[in-house]
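# Coordinate analysis (summary)
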Amino acid sequence: MTSKLMKLASQSQLSSWLPSIHPQVWIFAIGRFLSEVGTGCTLFYAPIFFVNEVGLSATSVGVALGSASISGIVGRIVGGSLADSEHWGRRRTLLLATAISAIASLVLAATNDFTTLVIGSLISGLGIGFYWPAAEAVVADASQIDNRRETFAIARLADNLGLAIGIALAGFLIAVIGSYRWLFVIDAISFLLFFGVVYVGISKTEQPQMGKSEKTEHFASWMAVLSDRRFLVYIAVNIFFTIYISQIHSTLPLYFKNFVIKSTTEGFAQTTISVLFAWHLVLAIICQLPVTSALKRCSHTLALTVSAILWAVGFGLIWVSGTAPSDNLVWVALALGVFAVAIVSYTPSAASLVTELAPENKRGVYFSVNAVCWAIGSFIGHPLGGWALDQPRVITDSYWLGFPLSVLIVVMILQYLNRILPE
């Protein structure tokens, strides 16, 4: 079965105009696509559901969703070591991650109070923590230095395509059945489908063979990673990017729904929010490969600088959308369009930089630390956004202006990183 899937993937028509991509990347992209359809059903609607339907405050929802970062850090640390283990490896770690994530989605589907939401979030964080180091390592293992950014771009393209379809599906289901809970059930099913793709189509990663004297204990591996000065500087700047992304996933949907960002007495309708985020993801899909190709001529730090500047512009447009007397929908659409380009500028270059900094036998641990950035970003971003939404309107609107100011720090760190990286 695996060989047949490999053959089908290698014969993909897309591969005729894309760089030579390892067949296993295409198989893994199929699994990620299926999983992200389910994630798209819940990602932008979860905060709306828990605040408007369950009846929790925006701050408590932000804290509960942010609690996933606690278990996520544990999952990322353990998951990175497991992914590098000769006896466990990438494949088994991915299978464990998808099974845990399916359970988390079912718990969230049954949530009626703050305690259950925290439990579901903690389980979800653990699953995500196990997933990302192994997932990034699988893609890194299948890439070559001349097509690394394109390989990571394919994986991100599958993610965004699945999210876009999931958002559209969620909007349709809410309009038809009027229940948010079924969205989490669909998410659980999507993780089980991903489990099947990994089980059937992903082969065990061949780890580099090392003599006994060369084998490094996990603790020593982690200490080696944490002593890599260039990598730690990258980690510092990457936390800012993950905080920015967390605002799109949790704060913005609720801001669009509950705040007056057009000339009416309420925020955008549910269907409008669906269209807006679908537009955001469709543009990301369209731009992913062209932007990756254009930025391939740039250094990693320059590509990340371009992304940071785009984030500043996008958050500035969000501020305008909440304060302009008219055309609020236009300003929001522009902001989400800019965010789409910012994300596709960021993800392939960031993952490629980590791959190049990491020794081959420590990729799991390096991507584990990289994934911890996402946990920290969520831990900071979700509660911070929830707090801002519970404040008087003038503070909530001014909140968005802090992000463009933070980009100044990001750019300065990137300039320093550029100086200490090898040519």
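In case you missed it, the structure is sitting above this.
Notes on the structure in this doc start here. (Residues numbered from 1 in each chain as written. Predicted model: local features only at pLDDT ≥ 70, side-chain atom pairs only at ≥ 80, totals over all residues. Heavy atoms only, no water.)

A tally of helices and strands in the protein yields 17 helices and zero strands. Here the protein holds 423 residues, and 57% of them are scored as buried. The contacts in the protein between residues at least 6 apart in sequence include a share of 84% that link residues at least 24 apart. Total accessible area on the protein is roughly 17200 Å²; 68% of this is exposed by carbon and sulfur atoms. (Helix = DSSP H or I, 4+ residues; strand = E, 2+ residues; numbered from the N terminus. Buried < 20%, exposed > 50% of the residue type's maximum accessible area, 1.4 Å probe, protein only. Contact = heavy atoms within 4.5 Å. Areas by Shrake-Rupley, 256 points an atom, 1.4 Å probe, with all protein chains shown as cover.)

This part takes up helix H8 (residues 148–177). Between its first and last C-alpha atoms H8 spans 43 Å; for 30 residues at 1.5 Å apiece the expected length is 44 Å, and the two agree. The element H8 is largely enclosed, with a buried count of 22 among its 30 residues. Positive phi shows up at Gly178, right after H8, with a value of about 65 degrees. (Expected span 1.5 Å × (residues − 1).)

So, on to the packing of helix H11 (residues 229–258) against helix H13 (residues 300–323). Remark: H11 packs on H13, axes separated minimally by 12 Å, with the N-to-C direction vectors making an angle of 20 degrees. It follows from the interaxial angle that H11 and H13 lie roughly parallel. Considering how the two elements wind past one another, H11 and H13 form a crossing that is left-handed. On H13, the residues touching Phe241, Tyr244, Ile245, Gln247, Ile248, Leu252, Tyr255 and Phe256 of H11 are Leu304, Ser307, Ala308, Trp311, Phe315, Ile318 and Gly322. Its residues assigned to classes, the contact of H11 with H13 comprises 12 nonpolar, three polar and no charged. (Axes fitted to C-alpha atoms, helices over the stretch in contact; angles between N-to-C directions. Parallel < 35°, antiparallel > 145°, perpendicular 65-115°, else oblique. Left-handed = near helix turned anticlockwise from the far one by under 90°. Nonpolar A, V, L, I, M, F, W, Y, C, P; charged D, E, K, R; others polar.)

In this section: the environment of Ile128. Tracing the sequence through the fold places Ile128 in helix H7 (residues 114–141). Overall, Ile128 belongs to the partly exposed group, its relative accessible area being 35%. The spatial distance from the C-alpha of Ile128 to the C-alpha of Ser69 is 9.3 Å, given a sequence separation of 59 residues. Those residues in contact with Ile128, other than ones at most four positions away along the chain, are Arg76 and Ser101.

Our focus in this paragraph is the packing of aromatic side chains. One pass over the full model with this rule turns up 28 aromatic pairs. Measuring from centroid to centroid gives 5.8 Å for Phe28 and Phe194, while their planes differ by 35 degrees, and the two rings are tilted. Remark: Phe194 occurs in helix H9 (residues 181–201) and Phe28 occurs in helix H2 (residues 23–42); sequence separation between them is 166 residues. Across the pair, exposure class does not vary: Phe28 and Phe194 are buried alike. Ring centres 6.3 Å apart and planes at 45 degrees place the aromatic pair Tyr346 and Trp374 in the tilted group. (Phe/Tyr/Trp six-rings, centres within 6.5 Å; stacked < 30°, edge-to-face > 60°.)

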